[in-house]
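Structural features, examined
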Amino acid sequence: MSFGILNLSEAFMVRVRIAPSPTGPLHIGTSRTALFNYLFAKKQKGNFILRIEDTDLERSNPKWERDILENLKWLKIKWDEGPTPIFQRKIGEITNHKTQNPENQRYIGDYGPYRQSQRIESYTKYIKKLLESGQAFWCYHSKEELEKEKKEQIKRKEAPRHVCDKRQATSDKKKKGIIRFRCPSKKLKVHDLIRGDLESDTGILGDISIAKDLKTPLYNFAVVVDDFEMKITPVIRGEDHLPNTPKQILIQEALGFSRPQYAHLPLILAPDKSKLSKRQGAVSIREYREQGYLLEALINFMALLGWNPGTDKEIFTLPELIKEFSLEKVQKQGAIFNIEKLDWFNSYYVRQKPLDELTWLCIPYLIEEGLIKPIFKIKQYPPAYGGMDLKQIYQISETKEEVNFEYLKKIISLYQERLKKLSEISELADFFFKEKLEYKKDLLSWKEMKDKEILEVLTKLEKIISKIKSDDWNKDNLEKVLLAEAESFDKLRTRKLDRGKLLWPLRVALTGKKASPGPFEIMEVLGKEKTVQRIDKAKSLFSTLDN
RNA sequence: GGCCCUAUAGUCUAACGGUUAGGACGUCAGGUUUUCAUCCUGGAAAUCGGGGUUCGACUCCCCGUAGGGCCA
């Protein structure tokens, strides 16, 4: 890994990065920062880098790094560089049944990420340099002493900071110390691509800590070294880093580094306007993915949180975003994460999905709820005909019936317009997979219908339906026959047409639910036998009337 | 406590000194529909407050206020 010599085209290349700490799963905020960096890089035909800031060994965990990588890939935010060109996975390899989308497996990042833990030599080099020039020093003040100093400063209404009065050029093996940087006092002007000119007084910074020892750099120092060596510009990051910027610039200047451009993005806020955190609910991409939000919806939603194209267009694909994106259109104020808008985007993209793909995406949720089980059927052929063939089918858990993908696809098609998120499918469509429906007989009543009337309707339905031939068992024909009947049936009693008297009890008998798709398409999927069975079951609820 | 950032409907935002302050989500009403959803039509809803600058301010400046971030 070397950043020493860059050729000319590289020197002028836009290179941006995100630098998450692997201390938790990929956060919505981090993803949005990643997205903006990615869009900026791609628009400028530059590179986007992923750098894992894992110097805090106690809080870092490889499992979180894996989560960050996996979910960035799922979002199709691909990074362009890395030290290890090893990350290739076999096409078709499946890690998690919920990621079972053939699209995702075609590309898997070609590189591992940069990691701070693998760049210690660089940090040591520059810490030594500052120590030698006297711009940094060892400080051995105890926690108690620092605490006391701070309290007194607050009492005097001064900025809390440490100004060391016992600076040591070399380390003292016997005592536990820390390396600090002496911040020069001056007025510092910074131009921010989003916020404009900012000015601050660095005199109040004191002697900031930059490393625990020669091999353990602290955040503000490591960032400066990394961004310089990786030739990052502009640094596009969250607004929470704004106060760090002057510190980092002073360190840059002490080291003789060039200054990158800066762009500080507005924060994503919880509904109570505080910084979005775990306390307010789901904040990781993984959680949204598992709930059945589509990456298209998440990307589109995140892009519009703090950015707008300047037109009324709201629906954007990733390539369209790359085309339209610019930092000038990024907002200054924090944006509240509005889940209702996300839901709207998601239901939009669900409706746009090709049905095959949507079915693939929904099946895992049916499996997870235990409604169906995936099973493999092996067909044996003589060797000359290829030996054997593996076919995936599904078994309905309750009835042990075997159904194929096409059957599930028919069911999913009924819900394409009804799903806000994929996870809802099992609750909405469970009646297709149940042996017995659980519902109260009152539910069969449309408006003020009495038991006697309901029974009459059900009997009539059963009679008509059992006459329909299997060959004619399809939605259109069922609709034709039953609608005609509904009209003549109703005309006998009331002047105003009310098809509900026939269709509501029918639909409830089939589904056991007060809301569902229409009865005709449901009947088509269920088939004649089950349809008749279910009407019969509904009739049996009124058995006392019969006698 | 110190420093910094921000301010248009409930929410995301448009209007780069002159518009009946526009769009989207949500919400409400109506239509289509057996129900739900989709779809269509329509409605309610905003420039934080006070001073300036200007013929004219959502827009520029100042002071408040409110919210947020960082530091420990």
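Residues numbered from 1 in each chain as written. Chains lettered and ligands numbered in written order. Predicted model: local features only at pLDDT ≥ 70, side-chain atom pairs only at ≥ 80, totals over all residues. Heavy atoms only, no water.

With that out of the way, let us pick up the overall build of chain A. What chain A contains, in helices and strands, is 21 helices and 16 strands. Its C-alpha atoms give chain A a radius of gyration of 32 Å, more than 25% over the compact-globule value 24 Å for 547 residues. Dimensions of chain A along its principal axes, counting C-alpha atoms only, are 100 × 70 × 50 Å. Residues counted as buried form 47% of the 547 residues belonging to chain A. For chain A, the proportion of contacts with a sequence separation of at least 24, taken over those separated by at least 6, is 74%. Counting only carbon and sulfur atoms, one obtains 51% of the accessible surface of chain A, whose full area is about 28800 Å². Mean positive and mean negative side-chain charge positions of chain A (98 and 80 charges, respectively) differ by 2 Å. (Helix = DSSP H or I, 4+ residues; strand = E, 2+ residues; numbered from the N terminus. Rg over C-alpha atoms; globule rule 2.2 N^0.38 Å. Buried < 20%, exposed > 50% of the residue type's maximum accessible area, 1.4 Å probe, protein only. Contact = heavy atoms within 4.5 Å. Areas by Shrake-Rupley, 256 points an atom, 1.4 Å probe, with all protein chains shown as cover. Lys, Arg positive; Asp, Glu negative; His and termini not counted. Charge placed at Lys NZ, Arg CZ, Asp CG, Glu CD.)

Here we come to the nonpolar core. Counting residues in each nonpolar core, the largest one holds 115 residues, and the members touching the most others are Leu75 and Phe432. If one sorts the elements of this core by residue count, helix H2 (residues 28–43) sits on top with eight residues. Setting aside anything within four residues of it in sequence, one finds phenylalanine 432 in contact with Ile396, Ile411, Leu414, Tyr415, Ile522, Val525, Leu526 and Lys530. Counting 24 residues, the second-largest nonpolar core is a separate cluster that includes Ile127, Leu130, Ile179 and Phe221. (Core = buried A, V, L, I, M, F, W, Y, C linked by side-chain atoms within 4.5 Å.)

It is worth spelling out the protein's contact with RNA strand B at this point. Not every one of the 49 residues close to RNA strand B is listed here, only the nearest: Asn308, Gln333, Glu417, Arg418 and Pro519. Within 4 Å of the protein, the contacting atoms of RNA strand B are 82% sugar and phosphate, with bases supplying the remainder. Between arginine 195 and RNA strand B, the recorded distance is 2.7 Å, taken from a side-chain N or O atom to a sugar or linking oxygen. At 3.4 Å from a phosphate oxygen of RNA strand B is found a side-chain nitrogen or oxygen belonging to arginine 499. Elements with a contribution of two residues or more to the surface near RNA strand B: helix H6 (143–155), strand S13 (335–336), helix H12 (339–352) and helix H18 (500–511). Residues belonging to the surface near RNA strand B are distributed by class as follows: 19 nonpolar, nine polar and 21 charged. (Near = heavy atom within 4 Å. Polar contact = N/O pair within 3.5 Å; in protein donor to acceptor, adjacent residues only side chain to side chain. Nonpolar A, V, L, I, M, F, W, Y, C, P; charged D, E, K, R; others polar.)

Across chain A, the average pLDDT comes to 89, with 90% of residues at or above 70. Within chain A, the element-level pLDDT minimum falls on helix H4 (residues 102–106), averaging 41, and the maximum on helix H10 (residues 295–303), averaging 98. Residue range residues 86–108 is modelled with pLDDT below 50. Its contacts to residues more than four positions away, or to other chains, number 40 contacts. ipTM for the predicted complex: 0.95, alongside a pTM of 0.90. (pLDDT = per-residue confidence, 0-100.)

By volume, the largest pocket amounts to about 1400 Å³. Lining the largest pocket are 43 residues, and of these Ala19, Pro20, Ser21, Thr23 and His241 sit closest to its centre. For the lining of the largest pocket, the secondary structure elements donating two or more residues are strand S1 (15–18), H2, strand S9 (216–217), helix H7 (219–229) and strand S10 (235–238). Looking at the lining of the largest pocket, the element that brings in the most residues is H2, giving four residues. Grouping the amino acids of the lining of the largest pocket by side-chain chemistry returns 16 nonpolar, 14 polar and 13 charged. A volume near 510 Å³ is recorded for the second largest pocket. For the second largest pocket, the lining is made up of 18 residues, of which His141, Lys176, Gly177, Ile178 and Lys212 are closest to its centre. (1 Å grid on protein atoms, 1.4 Å probe; cavity = no way out; pocket = protein on both sides within 12 Å on 5 of 7 lines; lining within 4 Å. Points joined across faces, edges and corners; volume = space filled by probe spheres on them.)

As a further point, take the pattern of salt bridges. Tallied over the full model, the rule gives 36 salt bridges. A salt bridge links lysine 275 to aspartate 240; the shortest N-O distance between them is 3.4 Å. Of this pair, lysine 275 sits in the loop between strand S12 (268–269) and helix H9 (285–291) while aspartate 240 is found in the loop between S10 and helix H8 (245–255), placing the two residues 35 residues apart along the sequence. With a relative accessible area of 37%, aspartate 240 lands in the partly exposed category. Across the pair glutamate 406 and lysine 409 runs a salt bridge, and its minimum N-O distance is 3.8 Å. Taken together, the positions of glutamate 406 and lysine 409, both in helix H14 (residues 405–415) and three residues apart, correspond to about one turn of that helix. Of the residues examined, glutamate 406 reaches a relative accessible area of 45% and is grouped as partly exposed. Through salt bridges with shared partners, one network takes in Arg17, Arg51, Glu53, Arg119, Asp226, Asp227 and Glu229. (Salt bridge = Lys/Arg side-chain N within 4 Å of Asp/Glu carboxyl O.)

In this section: the sheet that holds strand S8 (residues 207–213). As summarised here, the arrangement of the four strands in space is S4-S5-S8-S9, forming an open sheet in which the pairing is antiparallel. A single partner strand is all that each edge strand has here, and the edge strands are strand S4 (136–139) and S9. (Pairing = 2+ DSSP bridges.)

Moving on to the packing of helix H16 (residues 451–467) against helix H20 (residues 528–540). Two quantities define a packed helix pair, namely the angle between the helix axes and the distance between the axes. With their axes 10 Å apart at the nearest point, H16 and H20 run at an angle of 160° to one another. When the axes of H16 and H20 are compared, the pair comes out roughly antiparallel. In the crossing of H16 with H20, the sense of the turn from one axis to the other is left-handed. Of the residues in H20, those in contact with Leu455, Leu458, Thr459, Leu461, Glu462, Ile465 and Ser466 of H16 are Lys528, Thr531, Val532, Ile535, Asp536, Ala538 and Lys539. Residue composition of the contact of H16 with H20, grouped by class: seven nonpolar, three polar and four charged. (Axes fitted to C-alpha atoms, helices over the stretch in contact; angles between N-to-C directions. Parallel < 35°, antiparallel > 145°, perpendicular 65-115°, else oblique. Left-handed = near helix turned anticlockwise from the far one by under 90°.)

What the rule picks out here adds up to 17 aromatic pairs. Taken together, the ring pairs in this structure connect Tyr288, Tyr293, Phe301, Phe337, Trp344, Phe345, Tyr348 and Tyr349 into an aromatic cluster. (Phe/Tyr/Trp six-rings, centres within 6.5 Å; stacked < 30°, edge-to-face > 60°.)

Here we come to helix H5 (residues 120–133). If you check H5, its first and last C-alpha atoms are 20 Å apart, about what 14 residues at 1.5 Å a residue would give, namely 20 Å. Buried residues of H5: Ser122, Tyr123, Thr124, Tyr126, Ile127, Leu130 and Leu131, and no others. Where H5 is buried, its residues meet S4, strand S5 (178–182), S8, S9, H7 and H8. The first or second residue beyond H5 is glycine 134, which carries a positive phi of 85°. (Expected span 1.5 Å × (residues − 1).)

Note that the residue after threonine 233, namely proline 234, is joined by a cis bond; omega there is -5°. In this structure, proline 234 sits in the loop between H7 and S10. Backbone geometry at lysine 157 places phi at a positive 60°, although glycine is not the residue there. Relative to the helices and strands, lysine 157 is located in the loop between H6 and S5. A relative accessible area of 78% means that lysine 157 is categorised as exposed. Residue lysine 400 is not a glycine yet carries a positive backbone phi of 65°.

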